[in-house]
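# Structural overview
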Amino acid sequence: DSPFAISGKPVHLNYWDDFLGVKFLRFWSGEESWGAIEYEPGKYDWRHLDAMVKKAKEKGVEILWTVFGPPLWESSIPAGPSAALKKKQPFFYYASWPPKDLNKWYNFTYTLVKRYKDYVKYWEIWNEPNNFSFKFDPQIDYGGFCGTPKEYVEVLKTAYKACKDADPTCKV
């Protein structure tokens, strides 16, 4: 068994498993975020992710999926982010903030886990929630968690419940 795991884009399955013997891939790049999947309220695009999960399964690679990144219409980002930031990072300027409605966050997380429960067993809630650098220096190309610790606890509790309701055997 390989000791290697990779954090990156699902497309990297095309070569990492062959060259390094990687058997674990962390989905965290934006392509797997809430905002990329539910591009309009109630409208989901699973095509790319279905293909990547299928490819991982065929290659025997397990997935740790980082669930994060509300869409713009559900982000709690304060009004008035700079035009320069919007231009530089149109995704991370809003996806690092907690969702406005935890019920919608629950629904998305539940839907995601339920869809992939037959293969994905490991779920991480947000990327590095203890790193607030993006909040204080928005020019950084990074997507941590820009809410408060109390907000993160609520986001985590909500997501944990959604994950376990969708798949009681999963690890969060």
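Scroll up for the structure.
Parameters at a glance
Residues numbered from 1 in each chain as written. Predicted model: local features only at pLDDT ≥ 70, side-chain atom pairs only at ≥ 80, totals over all residues. Heavy atoms only, no water. Phe/Tyr/Trp six-rings, centres within 6.5 Å; stacked < 30°, edge-to-face > 60°. Buried < 20%, exposed > 50% of the residue type's maximum accessible area, 1.4 Å probe, protein only. Salt bridge = Lys/Arg side-chain N within 4 Å of Asp/Glu carboxyl O. Helix = DSSP H or I, 4+ residues; strand = E, 2+ residues; numbered from the N terminus. Patch = residues over 30% accessible without salt bridge, like charges linked within 9 Å, V, L, I, M, F, W, Y side chains within 5 Å. Areas by Shrake-Rupley, 256 points an atom, 1.4 Å probe, with all protein chains shown as cover. Contact = heavy atoms within 4.5 Å. Pairing = 2+ DSSP bridges.

### Focus: the packing of aromatic side chains
Under the counting rule described, the total for this entry stands at 14 aromatic pairs. Arranged with centres 5.4 Å apart and planes meeting at 15°, the rings of tyrosine 44 and tryptophan 46 form a pair that is stacked. Look at tyrosine 44 and you get partly exposed, because its relative accessible area is 30%. Following the ring pairs from residue to residue traces out a cluster consisting of Trp34, Phe68, Trp73, Trp105, Phe108, Trp126, Phe145 and Tyr152.

### Observations concerning the pattern of salt bridges
In this structure the tally under the stated criterion is nine salt bridges. For lysine 157, the salt bridge is made with glutamate 154, and the minimal N-O distance between the two is 3.4 Å. Within this pair, lysine 157 and its partner glutamate 154 are both found in helix α8 (residues 149-166), separated by three residues, close to a single helical turn. On the basis of relative accessibility, which here comes to 31%, the residue glutamate 154 falls in the partly exposed class.

### A few points about a nonpolar patch on the surface
A contiguous nonpolar surface patch, about 240 Å² in accessible area, is contributed by Leu156, Tyr160 and Val172. As for its placement among the helices and strands, leucine 156 is situated in helix α8.

### Thoughts on the environment of tryptophan 97
Examined against the element boundaries, tryptophan 97 turns out to sit in the loop between α5 (92-95) and α6 (102-116). Given a relative accessible area of 14%, tryptophan 97 falls into the buried group. It is 9.7 Å that separates the C-alpha atoms of tryptophan 97 and leucine 72, two residues lying 25 residues apart in sequence.

### Description of the environment of lysine 171
Secondary-structure assignment places lysine 171 in the segment after α8. Residues lysine 171 and tyrosine 122 lie 49 residues apart in sequence; the distance between their C-alpha atoms is 4.9 Å. Ignoring any residue separated from it by four or fewer positions in sequence, one finds lysine 171 in contact with Lys121, Tyr122 and Trp123.

### Let's talk about the pairing of strand β5 (residues 62-67)
When a strand is regular, its side chains alternate between the sheet's two faces. With four bridges joining them, strand β2 (residues 24-27) and β5 adopt parallel strand pairing. Opposite arginine 26, over in β5, you have leucine 64 as the bridge partner. Both β5 and strand β6 (residues 122-125) contribute to a ladder of four bridges, which runs parallel. Paired with threonine 66 across the two strands is glutamate 124, which belongs to β6.

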